[in-house]
Every structure is written in C-alpha cells, then in structure tokens.
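Structural features, examined
Single-letter residue listing:
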Amino acid sequence: MKTLNIGLIGAGFMAKAHSVAYAGMPMFFWPAPAIPFKKTIADINEAAARDAAEKFAFASYTTDWHDIINDPDIDVVDICTPNNVHAEIAIAAARSGKHILCEKPLSLTTSQAKEMYLAAKNNHVKTMVAFNYRRTPAVQLAKKYIEEGAIGKILDFRGTYLQDWSADPDSPLSWRFQKDICGSGALGDIGTHVVDMLRYLVGEFTSVNARTATYIPERPVQSGMSDSLGNTKGGADSIRQSVDVDDQCCFMAECANGAFGTIEATRNAWGRNNYITFEIHGSEGSICFNYERRDELQVCFAKDGDDRRGFRTVYTGPCHPYGEGLWPIPALGIGYTETKIIECYDFCKAIMQDQEVSPNFRDGYAIELISDAILESAKTRVWTKVKEVAEN
Ligand SMILES: NC(=O)c1ccc[n+]([C@@H]2O[C@H](COP(=O)([O-])OP(=O)(O)OC[C@H]3O[C@@H](n4cnc5c(N)ncnc54)[C@H](O)[C@@H]3O)[C@@H](O)[C@H]2O)c1
C-alpha cells in the first residue's frame with residue numbers, strides 16, 4: 001500500500017487533532033487509500049517541536065518549516081500554524097508540488113487567498129481547507145436529505161457558532177485577538193465554519209448585511225505563541241493590550257438560489273461551549289442540527305399526517321454517511337476526532353484517486369470573499385455584494 005509522507009507545521013492544538021487522524025484513519029477506513037507516515041513536524045518553538053515529535057510520533061522535527069518544503073520525500077504539507085503564515089507556507093508548498101491540507105480560515109486577506117488558490121491550481125496539487133465540522137455524519141446526512149429533495153425547495157436558514165471561552169475579560173490576548181495574526185476575530189475563527197456548512201448545504205452566498213462588536217477592548221497579554229483558548233487567565237496586574245478584531249459577528253445572507261438566512265458567531269456567550277447549530281426550512285420539511293448532540297439529526301417532514309407531524313431524531317450509525325468505517329452501533333458516539341479522521345480519509349483518497357475534494361482552496365477563497373463582504377458591511381451598515389472567485 002502506498003505511503004504518504006506528512007510534514008506538519010505548527011505543533012499546537014490542531015497538530016494534536018491531525019496527528020491522531022493520521023494514526024487513526026487506516027484503523028477506521030480499510031483498505032485505506034494510503035498509509036500516512038508522520039515524517040517531520042515543525043514549530044518555531046524548539047521545545048514544542050521536540051515534544052510534539054515524541055508525543056505525536058513524528059520521525060523528526062525542525063524549527064524551520066522550509067525544511068519540510070525542501071524535503072523531496074514529503075508528499076503532504078499540513079499547515080496548523082496561526083493564520084498569518086498559511087499563505088507563505090501554502091504557496092511555497094504548491095510550488096514544490098506538494099499536496100496541502102491547510103487549517104481554516106484559509107488566509108488573512110482575499111488577495112492572499114486568491115494567490116494560494118492559483119498557486120495550487122497552476123501546480124496541479126490537491127488542496128483541502130480543514131472545515132472539518134461539515135464531515136460530521138449527521139451534517140452529511142442533512143446534505144443527503146436536501147439533495148434527495150426530502151425537505152423540498154430551501155426557503156431559509158439560521159446558523160450559530162457560540163462559545164464562551166473569551167467572555168471573561170481576564171481571558172488573555174492570544175494571537176486570536178490580534179488582527180495582523182488572525183485576520184478577524186469570532187468571524188474568521190468560528191463563524192467561517194458555519195458559513196462553510198450552510199454554503200455547502202444551501203448554496204452560494206451572494207450578499208450580506210452584517211454587524212460586528214468588540215465588547216472587551218483590552219485583554220492581558222499572553223506569553224508564548226500557542227493559544228491557551230482562555231484556559232490560563234491574566235490577573236488584575238497583568239499588562240493589557242488592545243483587541244483589534246470582533247468579539248461578535250451577526251449577519252443576514254442571501255443565496256444565489258433565493259434562500260436567505262442569518263448567522264451568528266461569538267466567543268462571549270456564557271454557557272455555550274461549542275454550540276454549532278443550523279436549522280434549515282424547506283417547502284416540504286425542516287432539518288435541525290446541534291454539534292453538542294452530534295450523533296443526532298432532527299428532521300420534520302410536511303407529508304407526515306397532521307396527527308404525527310413533528311421533529312424526529314435520527315441517530316447516525318452504520319447505514320449513514322461514513323458509517324461503513326466508523327462504529328457498528330448508532331449513537332455510540334461521534335467525536336471531534338472522528339471528523340478529523342474522515343477529513344484525513346477524504347483528503348488521502350483525493351490524492352490517490354487524483355480527484356478534487358471539497359472544501360478545497362477554491363472554497364476557502366470563496367469563504368474569504370464572504371468574510372470580506374461581512375466586515376465591509378459591518379463598517380458601512382448596508383447590504384454588500386460578495387465578490388466572485390477570480391479564476392486567474
Ligand atoms: N478546524 C478546527 O476546528 C480548528 C480548531 C482550532 C484551530 N484551528 C485553526 O488551526 C490553526 C492553528 O490553531 P491552533 O489552535 O492549533 O493554534 P495553537 O496556538 O495551539 O498552535 C499554533 C502553533 O504554531 C506555531 N507557529 C507559529 N508560527 C509558526 C511558524 N512560522 N512556523 C512554525 N510554527 C509556527 C506556534 O508556536 C504554536 O505552537 C489556525 O489557523 C486555527 O484557526 C482550526
């Protein structure tokens with residue numbers, strides 16, 4: 001069986017998730033499209049790179065990501081750094097003919113996203129942007145129902161991604177609150193996951209009307225590059241610096257197919273942890289999903305008799321999307337790891353079968369154009385058209 005040599009850059013939270021996926025993928029999906037081999041991990045922090053190589057079972061480590069690009073034996077470059085270095089690494093990887101898995105959001109700016117997309121396209125490498133939540137089996141089941149026409153013509157939708165890890169003003173100013181490193185705040189960090197899911201399920205977004213807010217204008221500075229996601233707190237005497245991105249983002253969106261809806265993203269919603277939800281209403285029924293109950297899809301069909309119509313719960317299992325590789329009993333428990341394992345499986349399959357996979361850099365670029373329109377609309381407070389993807 002073919003081996004794919006992996007070079008992973010950035011040894012933090014996502015490095016852990018992706019490393020587990022490389023190890024676990026062949027255990028779930030057999031025969032595997034290829035066996036991932038964890039060859040090199042890079043981090044600018046040498047101790048982090050060294051520890052990660054040991055913990056995540058990489059054959060070697062480096063503090064310079066160029067070593068991965070220059071290694072002729074590396075097949076896949078996996079970008080798990082903060083957003084400000086995605087573009088430079090991805091463009092260099094594409095020019096070296098390496099396939100690229102890049103964490104979301106794709107880039108800091110739309111011009112970077114365009115350059116990344118064109119570099120990959122012109123160098124004929126496969127790409128994937130790690131919007132893994134759409135690979136939850138229940139979300140894939142929602143897609144199946146929609147494609148089969150089970151809920152008819154889609155009329156409207158609402159989506160949320162609500163968390164509370166930054167609601168405390170003492171939650172530190174990590175890279176996720178600095179525009180030059182992250183690009184945008186709640187919007188890019190979490191809102192884009194919902195945009196990806198609803199764009200996938202409903203259709204292309206054409207215009208948006210948005211509001212953003214920054215409720216906590218200063219936070220205690222966090223030392224070190226790796227984001228603790230609010231798990232370490234600064235004290236009252238900590239040095240504080242300005243937050244220059246949104247804490248909250250809320251917008252209406254219109255789609256090319258006439259459907260419209262609302263999306264809300266915040267990391268300051270006390271009591272919400274990873275509250276990714278959507279509800280989609282069609283002419284023949286409705287679909288409802290909540291990631292905090294991710295084994296379940298709620299569906300309601302208009303054709304059911306008046307005396308029994310209502311939401312029913314379908315637990316995903318072996319007869320549902322990806323069920324053949326996952327667990328043999330419905331509701332046994334789909335986790336974050338499974339979504340990353342499925343992502344890894346689909347990406348390795350795309351490489352081995354020389355096929356495009358979604359979401360790829362084109363999708364990542366399209367989502368950057370939507371994010372750009374959202375931030376523009378939040379400034380001007382008027383409906384704003386989403387620009388089209390440039391093909392050259
Ligand atoms: N798909 C998801 O669900 C999900 C979840 C969390 C984060 N993310 C995305 O993953 C990416 C990484 O986030 P994270 O939470 O793992 O971050 P993190 O802060 O935990 O880790 C980032 C690591 O990158 C290293 N780094 C920074 N610059 C580097 C460089 N130039 N070269 C090599 N290493 C460098 C840092 O030292 C740090 O160890 C971000 O783009 C983020 O938006 C996605």
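Coordinates for the structure precede this section.
Now for a quick tour of the structure. Bear in mind that the values here come from a model prediction, so they are computed numbers and not experimental data.

Basis of the calculations
Residues numbered from 1 in each chain as written. Predicted model: local features only at pLDDT ≥ 70, side-chain atom pairs only at ≥ 80, totals over all residues. Heavy atoms only, no water. Near = heavy atom within 4 Å. Polar contact = N/O pair within 3.5 Å; in protein donor to acceptor, adjacent residues only side chain to side chain. Areas by Shrake-Rupley, 256 points an atom, 1.4 Å probe, with all protein chains shown as cover. Helix = DSSP H or I, 4+ residues; strand = E, 2+ residues; numbered from the N terminus. Nonpolar A, V, L, I, M, F, W, Y, C, P; charged D, E, K, R; others polar. Domains from an automatic or database assignment. Buried < 20%, exposed > 50% of the residue type's maximum accessible area, 1.4 Å probe, protein only. Contact = heavy atoms within 4.5 Å. Salt bridge = Lys/Arg side-chain N within 4 Å of Asp/Glu carboxyl O. Phe/Tyr/Trp six-rings, centres within 6.5 Å; stacked < 30°, edge-to-face > 60°. Lys NZ or Arg CZ within 6 Å of the ring centre and 35° of its normal.

1. Quick word on the site of the ligand
The ligand sits among 29 residues. The nearest are Asp-43, Asn-83, Lys-104, Asp-227 and Tyr-336. The contact in question runs from an oxygen atom of the ligand to an N or O atom on the backbone of Met-14, over 2.8 Å. The separation between an oxygen atom of the ligand and a polar main-chain atom of Thr-81 is 3.2 Å. When the ligand sits alone it has 860 Å² of accessible area, and the protein chains cover 95% of it. Elements with a contribution of two residues or more to the shell around the ligand: α1 (13–28) and α9 (336–353). Its residues placed into classes, the shell around the ligand shows 15 nonpolar, eight polar and six charged. Mapped onto the domain boundaries, the shell around the ligand takes at least three residues apiece from domain 1 (3–133) and domain 2 (137–333).

2. Topic: the side chain of Asn-132
Position of Asn-132 among the secondary structure elements: in the loop between β6 (127–129) and α6 (137–147). For Asn-132, a relative accessible area of 1% puts it in the buried group. A polar contact of 3.4 Å, which involves the side chain of Asn-132, links it to the side chain of Lys-340. In this structure, Asn-132 is in contact with His-193, Tyr-336, Thr-339, Lys-340 and Glu-343, ignoring residues within four places of it in sequence.

3. Description of the pattern of salt bridges
Applying the stated rule across the entire model yields 24 salt bridges. Lys-126 is the salt-bridge partner of Asp-354, the closest N and O atoms lying 2.8 Å from each other. With Asp-354 in the loop between α9 and α10 (361–380) and Lys-126 in the loop between α5 (110–122) and β6, this pair connects stretches of sequence that are 228 residues apart. Asp-354 gets classed as exposed once you look at its relative accessible area, which sits at 59%. With a closest N to O distance of 2.7 Å, Glu-391 and Arg-362 form a salt bridge. With Glu-391 in the segment after β17 (384–385) and Arg-362 in helix α10, this residue pair connects regions lying 29 residues apart in the sequence. Residue classification places Arg-362 among the partly exposed residues on the basis of a relative accessible area of 32%. Among the charged side chains, a salt-bridge network with shared partners connects Lys-104, Arg-176, Asp-189, Asp-227 and Arg-267.

4. Re the packing of aromatic side chains
Aromatic rings in a pair are described by how distant their centres are and how their planes are angled relative to each other. This structure, assessed with the given rule, holds twelve aromatic pairs. Between the aromatic rings of Phe-13 and Tyr-336, the centroid separation amounts to 6.4 Å while the plane-to-plane angle is 20°, which identifies the pairing as stacked. Here Tyr-336 lies in helix α9 and Phe-13 lies in helix α1, a separation of 323 residues in the sequence. Grouped by ring-pair contacts, the aromatic residues Phe-13, Tyr-133, Tyr-161, Tyr-291 and Tyr-336 constitute a single cluster. Here the basic side chain of Lys-143 rests over the ring of Tyr-200, its NZ or CZ set 4.5 Å away from the ring centre.

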